[in-house]
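One-letter residues, chain by chain:
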Protein chains: 2
Amino acid sequence: MESERDFTPQCPIPLTEYPHILLAHGGGGELMHHLIEKMFLPAFRNALLDAQHDGAVLDLEGIRLAFTTDSYVVHPLVFPGGTIGDLAINGTVNDLAMCGARPLFLSAGFILEEGLPMETLWHIVQSMQRAAERAKVQLVTGDTKVVDKGKGDGLFINTTGIGIIEHNCLIAPHRVQPGDAILLNGDIGRHGIAIMAVREGLAFESPIESDTAPLADLVLQLLQAGIDVHCLRDLTRGGLASALNEIARAGGVHIHIEESAIPVCEDVRGACEILGLDPLYVANEGRLVAFIGPTDVERVLTIMRAHPLGADARLIGRVTDDDPGLVTMTSAIGARRVVDMLSGEQLPRIC
Amino acid sequence: MESERDFTPQCPIPLTEYPHILLAHGGGGELMHHLIEKMFLPAFRNALLDAQHDGAVLDLEGIRLAFTTDSYVVHPLVFPGGTIGDLAINGTVNDLAMCGARPLFLSAGFILEEGLPMETLWHIVQSMQRAAERAKVQLVTGDTKVVDKGKGDGLFINTTGIGIIEHNCLIAPHRVQPGDAILLNGDIGRHGIAIMAVREGLAFESPIESDTAPLADLVLQLLQAGIDVHCLRDLTRGGLASALNEIARAGGVHIHIEESAIPVCEDVRGACEILGLDPLYVANEGRLVAFIGPTDVERVLTIMRAHPLGADARLIGRVTDDDPGLVTMTSAIGARRVVDMLSGEQLPRIC
């Protein structure tokens, strides 16, 4: 900790511009990053927090642990392919996996709204239990709070996880370098569209199901095979576009991707057109990008494709040093365009 | 994990009696324990969770860690003596301390309601930063979500903490035994009454301030002095009465306390009379009870009284084997009565 910390009474967010919190401050885009970088990081400044990874990596007497937290506020609580409960398990398991850790222990904090049907809670608790078993994590401590009717929205869940790092591979945005290949483990957009379809009452022949899944096993297989994984990121709020922008900025590199290489299933593409959404910005809960050296591409694709969560894995782009901080894409019709960080709130309360 | 786990579709809470969540399910009393024991513990069954301590104690390659979570939903967000922010730091630090751990790292998950004034958030973040510095913990990872206006209540905060256990003393309810002395580190009821006074518009010559404070340093001084601490519990939701009932049940012992030995400041006593509250059930955020062997009483009182957070420490009672599971009290006028677990919701959203 620093001793010269400045107890400025002045709010670091310009109050004339943003006097109140907006939905977009939680959307995974520019406004959220602004809030984190201007308010939270300077207040709690320390080296672990500054790393701005999906979790903190702690060294405890020679043991390396990953530690990560997420609150889940998805609406509705139950949706095709999942519930807020399994999302709360998988999301935190995935953040641990993105640090290269084996997820071990989770905590769960429940904020219940007075009036929540008891059976709904029971259904969600059961789905959490099954998700924890699938992801091989133990839920070891918890907390329950209840707020008055009208002061919550049924149920919010926080899960915080501890995982152990059992290898010497350093996985971080600053390890991304020109020449790196970018691999994606499957089609994008299903989680966000599953939620939006329920909210907007869209009907499909067969409902689009969330891709919610635990990614730790897939990542551990890469690491156990000795792959030098440079960086990992799961594609949650703000989707693929926001994840790539975060890494391009944090790593000081230029990322270029090929639209034609990115799988999007037909129903998702159709729903995106109806809803006016770009699949690049739609949230996923079982998708990741891996940054690896160019000579490892074939081995990683082979390992990923042999895993149920990587059957449709693809090489989607490359890292260059052309325009550090920028993400560009060659579109399906061959035009080149900039892929910006999401500027506002595309899909509120998607996770 | 067990393989024969029963995926019963039947909700374990009787739906005819409790079809919906009530405020009392979060109040720290009977209904909350019922929900935890009937629904959460069976679903996630494992030895660490079953210990029902303030946190889980994890063994990681020979290193013992404490791990604990709490969500904070206190209303109002700012009150005499504190904010939801320093409460979120101190509360989780104290849960780690109750495991005998040195608090090291915290995560913070913010659930913001659209429309929260930016300056309020800034004020709270600053109070968290100061509380973290005072408690010597680092906030190393975080998460921010925003919910639509009317679906939250300004701000909820989850903090989850990791501490390290650097001694061989086992601190747990089952170590409490007949003959043990029960020590309290100061006057009770100030936190709950500080909150209620704001809510009810009670005026005092000088406002009653919350006792919110980090208790880890006080606990570590006892352990460093080699005191064999049998059990510790901080007196949050449900107050002293609920904490003692939890330990009497979990430890299978009878606890007897002396009302005249329990310090309650005059303003708190007066406010309790006006509000119809019993100070034994009012929440504290800087108070604990310690269960120790009878020969350690003088040493512990000396150490506590030399610490700013234990200046008014007292011996308040004894453990016996008369009526296992029961808590009784000799009142100020000499009558003996049973001190029950809180049955409903005395003070909603007090932490």
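Reading the values: the criteria
Residues numbered from 1 in each chain as written. Chains lettered and ligands numbered in written order. Predicted model: local features only at pLDDT ≥ 70, side-chain atom pairs only at ≥ 80, totals over all residues. Helix = DSSP H or I, 4+ residues; strand = E, 2+ residues; numbered from the N terminus. Rg over C-alpha atoms; globule rule 2.2 N^0.38 Å. Buried ≥ 20, exposed ≤ 12 C-beta atoms within 10 Å, placed from the backbone. Contact = placed C-beta atoms within 7 Å. Pairing = 2+ DSSP bridges. Axes fitted to C-alpha atoms, helices over the stretch in contact; angles between N-to-C directions. Nonpolar A, V, L, I, M, F, W, Y, C, P; charged D, E, K, R; others polar. Domains from an automatic or database assignment. Parallel < 35°, antiparallel > 145°, perpendicular 65-115°, else oblique. Core = buried A, V, L, I, M, F, W, Y, C linked by C-beta atoms within 7 Å. Expected span 1.5 Å × (residues − 1). Least-squares fit on C-alpha atoms with pLDDT ≥ 70 in both. Left-handed = near helix turned anticlockwise from the far one by under 90°.

Along the backbone of chain A there are nine helices and 14 strands. Against the globule reference of 20 Å for 351 residues, chain A gives a C-alpha radius of gyration of 20 Å, in line with a compact fold. Across its three principal directions, the C-alpha atoms of chain A cover 60 × 55 × 45 Å. With 351 residues in all, chain A has 55% of them scored as buried. Considering only intrachain contacts with a sequence separation of at least 6, the fraction spanning at least 24 residues in chain A is 84%.

This next bit is on the sheet that holds strand E2 (residues 63-72) of chain B. Residues and elements named next belong to chain B. If you trace the five strands from one edge of the open sheet to the other, you get E1-E2-E7-E5-E6, paired in mixed fashion. Either end of the sheet is taken by a strand with one partner, and the two such strands are strand E1 (56-60) and strand E6 (138-147). Strand-to-strand twist in this sheet, taken as the mean axis angle between neighbours without regard to direction, amounts to 20°. Across the sheet, helix H4 (residues 118-135) lies against strand E5 (102-113), E6 and strand E7 (155-164), angled at about 170° from E5, the strand it touches most.

Turning our eyes to something else, we now look at the interface of chain B and chain A. Taken together, the 74 residues of chain B in the interface contact 74 residues of chain A. Counting residues per element, the ones that place at least two in the side of chain B that touches chain A are helix H1 (30-43), helix H2 (47-50), E1, E2, E5, H4, E6 and E7 of chain B. Broken down by element, the residue count for the side of chain B that touches chain A peaks at 10 residues, all from E6(B). Each residue belonging to the side of chain B that touches chain A can be placed in one class, and the counts come to 43 nonpolar, 20 polar and 11 charged.

Let us now look at the domain arrangement of chain A. Segmentation of chain A into domains returns domain 1 (1-50), domain 2 (54-164) and domain 3 (173-338). Each of domain 1 of chain A and domain 2 of chain A has a C-alpha centre, and these two points are 25 Å apart.

So, on to the packing of helix H1 (residues 30-43) of chain A against H4(B). Put simply, H1(A) and H4(B) touch, their axes get as near as 9 Å, and they point 25° apart. Comparing their axes, H4(B) and H1(A) come out roughly parallel. Contact residues: H1(A) offers A:Met39, A:Phe40 and A:Ala43, while H4(B) offers B:Trp122, B:Val125, B:Gln126 and B:Gln129. Looking at side-chain class alone, the contact of H1(A) with H4(B) contains five nonpolar, two polar and no charged residues.

Moving on to the nonpolar core. By size, the foremost hydrophobic cluster in this structure holds 226 residues, and its most contacted members are A:Leu155, A:Leu183, A:Leu244, B:Leu155, B:Leu183 and B:Leu244. Filtering out sequence-adjacent residues up to four positions away, A:Leu244 remains in contact with A:Ile255, A:Ile257, A:Val327 and A:Val339.

Further remarks concern helix H7 (residues 239-251) of chain B. Residues and elements named next belong to chain B. With 13 residues, H7 should cover 18 Å at 1.5 Å per step; its first-to-last C-alpha distance of 18 Å lies within 8% of that length. Most of H7 sits out of view: 10 of its 13 residues are buried. Within the span of H7, buried status applies to Gly239, Leu240, Ala241, Ser242, Ala243, Leu244, Asn245, Ile247, Ala248 and Gly251. For H7, the secondary structure elements touched by its buried residues are strand E9 (229-234), strand E10 (254-258), strand E11 (288-292) and strand E13 (327-330). Positioned one or two residues after H7, glycine 252 has a phi angle of 65°, which is positive.

Superposition of chain B onto chain A requires a rotation of 180° combined with a translation of 0.0 Å along the rotation axis, giving an RMSD of 0.0 Å. Seen this way, the second copy is the image of the first under a two-fold rotation axis. Among all residues of chain B, the minimum C-alpha distance to the rotation axis is found for B:Gly152, at 2.2 Å.

Time to look at the sheet that holds strand E8 (residues 181-184) of chain B. Residue and element names in this part refer to chain B. The strand order across the open sheet formed by seven strands is E9-E11-E8-E12-E10-E13-E14, and the pairing between neighbours is mixed. Lying at the two open borders of the sheet, with one neighbouring strand each, are E9 and strand E14 (336-338). This sheet shows a mean twist of 25° between the axes of neighbouring strands, independent of strand direction.

All names here are of chain A. Following both chains from N to C, one finds helix H3 (residues 84-98) and helix H4 (residues 118-135) inclined at 30°, their axes separated by 7 Å at the closest point. Here H3 is positioned roughly parallel relative to H4, judged by the angle of their axes. The chirality of how H3 crosses H4 is right-handed. Residues Ile84, Gly85, Asp86, Ala88, Ile89, Asn90 and Val93 of H3 form the contact with H4, whose participating residues are Ile124, Val125, Ser127, Met128, Ala131, Ala132 and Ala135. Residues belonging to the contact of H3 with H4 are distributed by class as follows: 10 nonpolar, three polar and one charged.

Attention now moves to unusual backbone geometry. All names here are of chain A. Along the chain, histidine 75 connects to proline 76 via a cis peptide bond; the corresponding omega equals 5°. Among the structural elements, proline 76 can be located in the loop between strand E2 (63-72) and strand E3 (78-79). One non-glycine residue, glutamate 61, lies in positive phi territory at about 50°. Structurally, the position occupied by glutamate 61 is in the loop between strand E1 (56-60) and E2. Glutamate 61 gets classed as exposed once you count the C-beta atoms within 10 Å, which come to 9. The backbone of arginine 349 shows a phi angle near 50°, a positive value even though the residue is not glycine.

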